[in-house]
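So you can see what is in the structure, the chains are spelled out below.
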Amino acid sequence: MASNKENTKPAEAFVDVGSAEDVDAVMKKYDRESNVRIWEGVPATIIRVLMIAFSLICIGVTLFSTALMEIRLMSFLGMIIIIGYLNFPFKKGDTRVNHIPIYDIVLMVAGAFGCFYYCFNAQNIIKLATRVTKNNFMIAIAIITILSLMELCRRSVGIPILCVIVVLLGYTFYNVRFGKVIYDLFYATSGIMGTPVNVCAKYIVVFIIFGAFLERTGISAFFIDLANSVAGASAGGPAKVAVLSSALCGMVSGSSVGNTVTTGSVTIPMMKKTGYKSDFAGAVEAAASTGGQIMPPIMGAAAFLMAEYMGVTYAEIALRAILPAILYFTGIYIAVHLEAKKLGLKGVPKDQLPKFSKLIKKVYLLFPIVLLVVMVSTNTRTMQFSAAVAIVATIVVGLINRDDPITIKKCLDALEAGAKGTISVAVACAMAGVVSGCITSTGLASKMISAIVSVSQGHAMVALVLTMLCCIVLGMGVPTTATYCIMAATCAPILVSPEIGIPVMAAHFFVFYFGIVADITPPVALAAYAGSAIAKSSPMKTAFIASRLAIAAFIVPYICALNPQMLLIDASVLSVIQIVISAIIGIFGVSAGLSGFLYKPMNIVTRILAIAGGLTLLIPGLLTDIIGLVIIVGLVFIQKAGTSKQAAA
């Protein structure tokens, strides 16, 4: 009788997935932003007020302030240091309530003092220029503030980026006069006040707050329901739902790990219940969530940094990113479809899926995003003003949503969440400024270019491979925006050098994509590890599968670099159509070869042929397209014919 009772349990009872507590543990383990101090009672209220005030001040400053850039940026960093140390403890897992040790208070006060001292004495400091470093007090506050930011970076971002900074600082102090280094990194606008922090304080902080408001309108649930309605009933539907929903949610979240956990807590159990293996389910979510960072129009806020670095409009960046993003998610979608066919999986019964007719009534939830994109793309107003208007639109939309209406408490929660989300991004941007300052002070960029050119002998492909490896290593465990800042300062100049000759736009997209891919590339594949923790699977195996699923992410950047028409640069309509068709068929061939299944299981020879044919299609050129097309079409015909014979027998 006992066995009969067990057999009558619902299918989901057999699915081993993480509970809400497991999801929280995942975030604390892999997402630095979730490892925060525990405040209760009056201290919690005080800190909450500080966080809300920080968000409101940032919105006000970015919209109305006419103060000197040095004053704006140093006051911004000073506030970041204060709320940063109030939120992030010395080490993970500190569960003490209302506890902040004296050394944290000292670090917080000393670091913030240096920033605010600069603010109140900015005019005199600017007039002194390099002579400021002849004053021991001025050198001391600069060193203390930089060290305070570095320690906050360790707590909120992680160790990998800090290791890079320590090595660069050692190299810089060894080769450059001490006083000049201090001036460049702290008092000039080439260090912690460089482009990354400037863009963060000016644009990104408002967009982070906008994202926090958007989440409280229920848009994430809407995206998941919409994806379910569109793809849930097809073969292996839940995996396709994960791909679509993660693409939509990821472009707003700005965090591969955060997106993996947020949507993965819903999609991974669905995938496992359908019949996907744990490793595969976690990998699908990780790969799709990571891709959300390259999904226009927002691209995890990196689009605004790219526009600033390259001196182009935001609309141009969003437009250039469309085709690579489509190919990325097409590759994952094809891979999960083939896996579903190989395992003989079905979709979710239609009667269990959200009705599209009901969802279409909630399409107004997209209005703030549409409004933001239209305002920014048409240059109607500045980006920060457009984001502020979008926040107001989000509140209005939230009031209309009767199923989950926005409240004053939710608005305050959004302001608080926006402040918390800004800490790690701002600190990482400050550290990216240190990286850029060290490279500028030492002339390291030209040395790196010479080294790469020497090794590659001027061959673009070799230089691209070497640059790819650098990007993956430097991007491990670093937030999206900071990843791009580091890549733009260290790797992009290598590719745009006359010896290599990659167009500027293509070079920046190349380094950005490979910096993002670090989140699913072993050994430090944080998004894949987060997915594996929810799926209860092997972290390393999940990471390798995620890399295989996201194979397009390792191929498309090369197409962009070698054939910039993929980015719609100097491209005719006909050439773009040819590139897209050949690229999709090529990715289909590579995915089929890696999966080992088309219409039936493939042997080693047909798998190699499929991968070779796919790669041939991805190489720019009419001849290679024809060769690849013949191979892929031939394999499809052979597989289809073989399946028909088996069915007839």
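Model, not experiment: these values are computed from the prediction.

About the cut-offs
Residues numbered from 1 in each chain as written. Predicted model: local features only at pLDDT ≥ 70, side-chain atom pairs only at ≥ 80, totals over all residues. Heavy atoms only, no water. Phe/Tyr/Trp six-rings, centres within 6.5 Å; stacked < 30°, edge-to-face > 60°. Helix = DSSP H or I, 4+ residues; strand = E, 2+ residues; numbered from the N terminus. Buried < 20%, exposed > 50% of the residue type's maximum accessible area, 1.4 Å probe, protein only. Lys NZ or Arg CZ within 6 Å of the ring centre and 35° of its normal. 1 Å grid on protein atoms, 1.4 Å probe; cavity = no way out; pocket = protein on both sides within 12 Å on 5 of 7 lines; lining within 4 Å. Points joined across faces, edges and corners; volume = space filled by probe spheres on them. Expected span 1.5 Å × (residues − 1). Contact = heavy atoms within 4.5 Å. Salt bridge = Lys/Arg side-chain N within 4 Å of Asp/Glu carboxyl O. Axes fitted to C-alpha atoms, helices over the stretch in contact; angles between N-to-C directions. Parallel < 35°, antiparallel > 145°, perpendicular 65-115°, else oblique. Left-handed = near helix turned anticlockwise from the far one by under 90°. Nonpolar A, V, L, I, M, F, W, Y, C, P; charged D, E, K, R; others polar.

Draft legend 1. A look at the packing of aromatic side chains. Counting across every chain of the model gives 20 aromatic pairs. On the basis of an interplanar angle of 80° and a centroid distance of 5.9 Å, the ring pair of Phe-90 and Tyr-103 is categorised as edge-to-face. Placement of the pair is Phe-90 in the loop between helix 4 (69-87) and helix 5 (102-120) and Tyr-103 in helix 5, with a sequence separation of 13 residues. Residue class for Phe-90 comes out partly exposed when judged on its relative accessible area of 42%. Taking relative accessible area as the criterion, Tyr-103 reaches 40% and is therefore assigned partly exposed. Members of the aromatic cluster, joined through ring pairs, are Tyr-309, Tyr-484, Phe-509, Phe-512 and Tyr-513. The ring of Phe-90 carries Arg-154 above its face, with NZ or CZ at 4.8 Å from the centroid.

Draft legend 2. Examining empty space enclosed by the protein more closely. On inspection of all chains with the given rule, the structure shows two cavities of 30 Å³ or more. In this structure, the largest cavity spans a volume of roughly 50 Å³. Looking at the largest cavity, the residues that line it are Thr-290, Gly-291, Ile-294, Tyr-328, Tyr-513, Ile-516, Val-517 and Ala-553. Within the residue set of the lining of the largest cavity, elements represented by two or more residues are helix 14 (278-291) and helix 26 (504-517).

Draft legend 3. Structural detail: helix 5. Helix length check: helix 5 (19 residues) gives 26 Å between terminal C-alpha atoms against 27 Å at 1.5 Å per residue, within 8%. The complete set of buried residues in helix 5 reads Asp-104, Met-108, Gly-111, Ala-112, Gly-114, Cys-115, Tyr-118 and Cys-119. Each element contacted by the buried residues of helix 5 is listed here: helix 4, helix 6 (122-128), helix 7 (136-156) and helix 9 (178-187).

Draft legend 4. Looking closely at the pattern of salt bridges. The tally for this structure, following the rule as stated, stands at 13 salt bridges. For Arg-155, the salt bridge goes to Asp-104, with nearest N and O atoms at 2.6 Å. Of this pair, Arg-155 sits in helix 7 while Asp-104 sits in helix 5; the two residues are 51 residues apart in sequence, bridging distant segments of the chain. Pair check on accessibility: Arg-155 and Asp-104 agree, each one buried. In this structure, the salt-bridge partner of Glu-339 is Lys-342, at a minimum N-O distance of 3.5 Å. Note that Glu-339 and Lys-342 are positioned in helix 17 (residues 322-343) at a spacing of three residues, about one turn of the helix. The exposure class of Glu-339 is buried, given its relative accessible area of 10%.

Draft legend 5. How the structure looks around the packing of helix 24 (residues 480-490) against helix 26. Between helix 24 and helix 26, the least distance of the axes is 9 Å, while the angle of their chain directions is 135°. One way to sum up the angle between helix 24 and helix 26 is to call them oblique. Relative to helix 26, helix 24 is oriented so that their crossing is right-handed. Contacts between helix 24 and helix 26 involve Thr-480, Thr-483, Tyr-484, Met-487 and Ala-488 on the former and, on the latter, His-508, Val-511, Phe-512, Gly-515 and Ile-516. Here the residues of the contact of helix 24 with helix 26 sort into six nonpolar, four polar and no charged.

Draft legend 6. Focus on the layout of surface pockets. Here the second largest pocket is characterised by a volume of approximately 230 Å³. Taken together, Asn-228, Pro-238, Met-270, Lys-273, Thr-274, Lys-346, Gly-347, Val-348, Pro-349, Gln-352, Leu-353 and Pro-354 make up the full set of residues lining the second largest pocket. The element that contributes the greatest number of residues to the lining of the second largest pocket is helix 13 (residues 256-274), accounting for three residues. Split into classes, the residues belonging to the lining of the second largest pocket amount to six nonpolar, four polar and two charged.

Draft legend 7. Structural detail: the environment of Lys-350. Mapping Lys-350 onto the fold places it in the loop between helix 17 and helix 18 (356-359). On the basis of relative accessibility, which here comes to 63%, the residue Lys-350 falls in the exposed class. C-alpha separation for the pair Lys-350 and Ala-233, spaced 117 residues apart in sequence, amounts to 5.9 Å. If we ignore the near neighbours within four places in the chain, the residues touching Lys-350 are Ala-233 and Lys-355.

Draft legend 8. Structural context of the side chain of Thr-422. Relative to the helices and strands, Thr-422 is located in helix 21 (residues 408-442). On the basis of relative accessibility, which here comes to 0%, the residue Thr-422 falls in the buried class.

Draft legend 9. A look at helix 14. End to end, helix 14 covers 20 Å across 14 residues, agreeing with the expected 20 Å (1.5 Å per residue, within 8%). Most of helix 14 is tucked away: 13 of the 14 residues are buried.

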